[in-house]
Amino acid sequence: MTAEGTGREKAILVGLAYGALPRSEVDDHLDELGRLVDTAGGEVVERLVQERAGIDPATLVGSGFVTRIGSTCEATGARTVVFDEDLTGSQVRNLEKALPKDVKVLDRAGVILDIFAQRARTREAQTQVELAQLTYLLSRLTRRWRHLSRQAGGIGTRGVGETQLELDRRLITRRITQLKKKLAEIESTRRLRRQRRTAVPTVALVGYTNAGKSSLFRRLTRARVRVEDRLFATLDPRARRVALGEGVAAILTDTVGFIRKLPHDLVAPFRSTLEEAADADLVLHVVDAADPAWEEHLRVGDEVLEGLGVAPEQALVVLNKIDLTVGRRLPPVRRRRVMVSALTGVGLPGLLERIRAELLGAPSVAVLSIPLDEGDAVARAFHLPHRVARRFGETSVTIAVRTGEEGLAESGLDRFRVPRWPASAAALEE
Ligand SMILES: Nc1nc2c(ncn2[C@@H]2O[C@H](COP(=O)(O)OP(=O)(O)OP(=O)(O)O)[C@@H](O)[C@H]2O)c(=O)[nH]1
Ligand SMILES: [Mg+2]
């Protein structure tokens, strides 16, 4: 994996503090970049930050600073330099020209793609990653591109098969077209599958990477999924049925995490998977309440959701990891929110109750309350398609359905409609 073939690939991180980006924030971003490099299998040996008024269009950092990066490479033996900012193709070219021979220049996106390539398991995720990598490489055909076949290895070069590395621009473009077609096919199959289960409401877990989405998924569905203290532990979305009590069930989806500065060409291939998640009846925006950067994580999540056409306030914020915030002030999130710990289980019954209430209160759900002595109506109501919930009272039965307005009008049961699902005993106790 490394140039020497042993140990981890040594990398130098480079940050740039300028204009609106203060030094302290750059340090936070570099901490995160360090975790990304670590996840990709590299070892950070040095981090350098240049503070300057603006950027140098040719090499991002100033030329004197490039020389300093070069001598740090020589001193540490690092052969990989990772910039936190997005680099253009010509910037990569100029930097690689100015740095010692065989030093590879990457940006954050390149590292993220590498992690994705290592982690994709399903055919769909692998296709999406390959598409993202080729799109990324196409926009940055560099010196490295040419010597890749010789060097072939390490962060930023995995996933794309060797033969593809030798392809020229034209062939890459052709391959991209093929991949897009393949993805479209996979997607249409999935859409069919999804249509078949519309009777059951869907709930999606979204949020910053490492927030604890998979941990919650595992706790709520008892499914065995990968949970790790690593960035991008989850790549392939998982869906599973979860019982919410009162006979209400939902399909819960776990998704790929968000991260700051997620580049566009990378988001696009994953968009359809996320779009499907965002299309859910309820979106749970999971936030690590113990992370000092929670506010930025929430904002990044909001931005991604907005990009997917979901108003951020529509999502229910789930503040996770509250076991780690004992004695500390909780993030003052002024929105619909619940507090939980996926680790200890604190707050999970409340979360289920809340999900149930939100789903039953959705505009697509009609609630009927029918007196038990109206035997005929009760029987008809039980035959309505897409029933979400049913509860017997002493004198009446309450039923929630997703039959749709037309179906409901046809059934003649419209007159039993009530504004909302009655609060449960548990909710009254709160
Ligand atoms: N203390 C504590 N740790 C938690 C809690 N929930 C999750 N974790 C830990 O946080 C780390 C990340 O959890 P995941 O569930 O993998 O997070 P994720 O949001 O799925 O992350 P990605 O898949 O990378 O986007 C793991 O080490 C979990 O054990 C919690 O409530 N309390
Ligand atoms: Mg996960």
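Note that the coordinates shown come from a computational prediction; the quantities given were computed from them, not determined experimentally.

On a plain count of helices and strands, the protein chain comes out with 15 helices and 14 strands. Across the 430 residues that make up the protein chain, the buried fraction comes to 52%. Of the contacts formed within the protein chain by residues at least 6 apart in sequence, a portion of 67% connects residues at least 24 apart. Surface exposure of the protein chain reaches about 20,200 Å², of which carbon and sulfur atoms provide 50%.

A few words on the environment of L316. Inspection of the secondary structure puts L316 in strand β9 (residues 316–320). For L316, a relative accessible area of 0% translates into the label buried. Sequence spacing of L316 and H285 is 31 residues, and the spatial spacing of their C-alpha atoms is 5.9 Å.

What follows concerns the packing of helix α4 (residues 108–119) against helix α5 (residues 123–138). Any two packed helices are characterised by the angle at which their axes cross and by the distance between the axes. Contact geometry of α4 with α5 gives a least axis separation of 10 Å together with a crossing angle of 155 degrees. It follows from the interaxial angle that α4 and α5 lie roughly antiparallel. Considering how the two elements wind past one another, α4 and α5 form a crossing that is left-handed. Of the residues in α5, those in contact with A109, G110, L113, F116 and A117 of α4 are V129, A132, Q133 and Y136. Along the lines of polarity and charge, the residues of the contact of α4 with α5 split into 7 nonpolar, 2 polar and no charged.

Mapped onto the fold, T127 is located in helix α5. On the basis of relative accessible area, T127 is assigned to the buried category, the value being 3%.

Closest axis-to-axis distance for the helix α1 (residues 23–40)/α4 pair is 9 Å, and the angle between their directions is 35 degrees. At the point where α1 passes α4, the crossing takes the left-handed sense. Two secondary-structure elements touch here, α1 through H29, E32, L33, L36, V37, T39 and A40 and α4 through R108, V111, I112, D114, I115, Q118 and R119. The class makeup of the residues in the contact of α1 with α4 is 7 nonpolar, 3 polar and 4 charged.

A separate point is the confidence of the model for the protein chain. Averaged over all residues, the pLDDT of the protein chain is 84; the fraction at 70 or higher stands at 86%. The least confident element of the protein chain, judged by mean pLDDT, is helix α15 (residues 425–429) at 42; the most confident is β9 at 97. This stretch, residues 142–152, has a pLDDT under 50; its non-local contacts, to residues over four places away or in other chains, come to 24 contacts. Note that residues 426–430 has pLDDT below 50 and, in this model, 3 contacts with residues that lie over four places away or in other chains.

Attention shifts here to α4. Under the 1.5 Å per step criterion, the end-to-end length of α4 is 17 Å for 12 residues, consistent within 8% with the ideal 16 Å. Buried within α4 are the following residues: R108, A109, G110, V111, I112, L113, D114, I115, F116 and R119.

Attention now goes to the sheet that holds strand β5 (residues 202–207). If you trace the 6 strands from one edge of the open sheet to the other, you get β6-β7-β5-β8-β9-β10, paired in mixed fashion. Looking at the sheet topology across the chains shown, the edges are occupied by β6 (238–245) and β10 (337–339). Sheet twist, expressed as the average angle between the axes of neighbouring strands with direction ignored, equals 30 degrees. In the packing of helix α12 (residues 348–360) onto the sheet, contacts are made with β5, β6, β7 (248–254), β8 (282–288), β9 and β10, and the angle to β6 comes to roughly 95 degrees.

Further remarks concern the site of ligand 1. Around ligand 1, the structure places 23 residues, and the nearest of them are G212, K213, S215, A233 and D323. Between ligand 1 and A211 there is a distance of 3.2 Å, counted from an oxygen atom to a backbone nitrogen or oxygen. Here K321 contributes a side-chain N or O atom positioned 3.0 Å from an oxygen atom of ligand 1. Within the complex, 90% of the 650 Å² of free accessible area of ligand 1 lies under protein. Counting residues per element, the shell around ligand 1 draws most heavily on helix α9 (residues 213–221), at 3 residues. Of the residues belonging to the shell around ligand 1, the class tally is 8 nonpolar, 9 polar and 6 charged.

In this section: the sheet that holds strand β13 (residues 396–401). Across a sheet, strands are paired by hydrogen bonds formed along the backbone, either parallel or antiparallel in direction. Taken in spatial order, the 4 strands of this open sheet run β12-β13-β11-β14, and their pairing is antiparallel. Each of the sheet's edge strands pairs with one partner strand only, and the pair in question is β12 (387–392) and β14 (417–418). Pairing analysis gives 5 bridges linking β12 to β13, with the strands arranged antiparallel. Bridge pairing in β13 places R390 opposite I399.

The rules behind these values
- Residues numbered from 1 in each chain as written.
- Chains lettered and ligands numbered in written order.
- Predicted model: local features only at pLDDT ≥ 70, side-chain atom pairs only at ≥ 80, totals over all residues.
- Heavy atoms only, no water.
- Helix = DSSP H or I, 4+ residues; strand = E, 2+ residues; numbered from the N terminus.
- Buried < 20%, exposed > 50% of the residue type's maximum accessible area, 1.4 Å probe, protein only.
- Contact = heavy atoms within 4.5 Å.
- Areas by Shrake-Rupley, 256 points an atom, 1.4 Å probe, with all protein chains shown as cover.
- Axes fitted to C-alpha atoms, helices over the stretch in contact; angles between N-to-C directions.
- Parallel < 35°, antiparallel > 145°, perpendicular 65-115°, else oblique.
- Left-handed = near helix turned anticlockwise from the far one by under 90°.
- Nonpolar A, V, L, I, M, F, W, Y, C, P; charged D, E, K, R; others polar.
- pLDDT = per-residue confidence, 0-100.
- Expected span 1.5 Å × (residues − 1).
- Pairing = 2+ DSSP bridges.
- Near = heavy atom within 4 Å.
- Polar contact = N/O pair within 3.5 Å; in protein donor to acceptor, adjacent residues only side chain to side chain.

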